[in-house]
Amino acid sequence: MISIIFVALVAVEHFYIMVMEMFMWTRPRTMKTFNLTPEFAKSTKSLAANQGLYNGFLAAGLIWGLVYPDAAVGQHIQIFFLACVIIAALYGGATSSRSIIIKQGLPAIIALLLVLFL
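Residues numbered from 1 in each chain as written. Predicted model: local features only at pLDDT ≥ 70, side-chain atom pairs only at ≥ 80, totals over all residues. Heavy atoms only, no water.

A. Examining the UniProt feature "transmembrane region" (unreviewed entry) in the chain more closely. The UniProt feature table records "transmembrane region" (unreviewed entry) at residues 6–26, 47–67 and 73–93. Taken end to end, residues 6–26 is 86% helix and 0% strand, and its two terminal C-alpha atoms sit 30 Å from one another. Split by type, residues 47–67 is 100% helix and 0% strand. Its first and last C-alpha atoms lie 31 Å apart. (UniProt positions renumbered as here; feature names shortened; annotations may be inferred. Helix = DSSP H or I, 4+ residues; strand = E, 2+ residues; numbered from the N terminus.)

B. A look at unusual backbone geometry. Here the phi dihedral of Asn35 falls at roughly 55°; this positive angle occurs in a residue that is not glycine. Position of Asn35 relative to the elements: it lies in the loop between helix H2 (28–33) and helix H3 (38–43).

C. Representation of the nonpolar core within the structure. By size, the foremost hydrophobic cluster in this structure holds 14 residues, and its most contacted members are Val7, Val10, Leu62, Leu82, Val85 and Ala108. Where this core is concerned, the elements lending two or more residues are helix H1 (2–23), helix H4 (45–67), helix H5 (71–95) and helix H6 (99–117). Apart from residues no more than four positions distant in its own chain, Ala108 is found in contact with Val10, Leu82, Val85 and Ile86. (Core = buried A, V, L, I, M, F, W, Y, C linked by side-chain atoms within 4.5 Å. Buried < 20%, exposed > 50% of the residue type's maximum accessible area, 1.4 Å probe, protein only. Contact = heavy atoms within 4.5 Å.)

D. Structural context of the packing of H4 against H5. It is at 7 Å that the axes of H4 and H5 come closest, and there the two elements cross at 160°. With respect to their mutual orientation, H4 and H5 come out roughly antiparallel. Considering the relative orientation of H4 and H5, their crossing is left-handed. Contact residues: H4 offers Phe57, Leu58, Gly61, Leu62, Trp64, Gly65 and Leu66, while H5 offers Gly74, Ile77, Gln78, Phe81, Leu82, Cys84 and Val85. Looking at the contact of H4 with H5, its residues break down into 10 nonpolar, four polar and no charged. (Axes fitted to C-alpha atoms, helices over the stretch in contact; angles between N-to-C directions. Parallel < 35°, antiparallel > 145°, perpendicular 65-115°, else oblique. Left-handed = near helix turned anticlockwise from the far one by under 90°. Nonpolar A, V, L, I, M, F, W, Y, C, P; charged D, E, K, R; others polar.)

E. Here's a closer look at the packing of aromatic side chains. Inspection of the entire model under this criterion finds four aromatic pairs. Ring geometry for Trp64 against Tyr68: centres 6.0 Å apart, planes inclined by 75°, an arrangement best described as edge-to-face. (Phe/Tyr/Trp six-rings, centres within 6.5 Å; stacked < 30°, edge-to-face > 60°.)

F. Region of the structure containing H6. In a regular helix each residue adds 1.5 Å, so 19 residues correspond to 27 Å; H6 covers 26 Å between its end C-alpha atoms and thus fits that length. Taking the largest bend as the criterion, H6 deviates by roughly 40°, centred on Gly105, and proline Pro107 comes between one and four positions later. Buried residues of H6: Ile100, Gln104, Gly105, Ala108, Ala111, Leu112, Leu114 and Val115, and no others. For H6, the secondary structure elements touched by its buried residues are H1 and H5. (Expected span 1.5 Å × (residues − 1). Bend = angle between axes of the 7 residues up to and from the residue.)

G. Here's a closer look at the packing of H1 against H4. Taken N-terminus to C-terminus, the directions of H1 and H4 make an angle of 160°; their axes are 7 Å apart at the nearest point. Between H1 and H4, the angle falls in the class roughly antiparallel. Of the two possible hands of crossing, H1 and H4 adopt the one that is left-handed. Contacts between H1 and H4 involve Ile4, Val7, Ala8, Val10, Ala11, His14, Phe15, Ile17, Met18, Glu21 and Met22 from the former and Ala48, Ala49, Gln51, Gly52, Leu53, Asn55, Gly56, Leu58, Ala59, Leu62, Ile63 and Leu66 from the latter.

This is the structure:
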């Protein structure tokens with residue numbers, strides 16, 4: 001049960017990131033979260049929306065793994081998408097902000113370990 005909760009939390013986190021990137025990119029709270037200037041946010045709005053779409057796919061894949069009717073197959077789906085989140089967090093941490101590794105990567109690593117070992 002705890003692994004389900006952690007996978008769901010990672011999915012919710014990525015769904016929220018999708019919403020911020022796709023629909024709230026130029027709002028003050030989102031600009032503060034991502035440390036953006038209004039000019040930069042405006043000029044990168046379409047890029048952020050594209051990036052948000054990918055975060056939405058990660059969230060959808062994790063939810064798919066949670067609701068898949070065959071639990072064993074669902075577990076494999078969860079493992080795949082958690083690995084994708086971890087790789088994306090490592091890349092984001094290396095190229096954008098190291099805090100991404102902690103904010104997005106660590107929850108996914110914990111969820112992956114729980115899925116694998118519980």
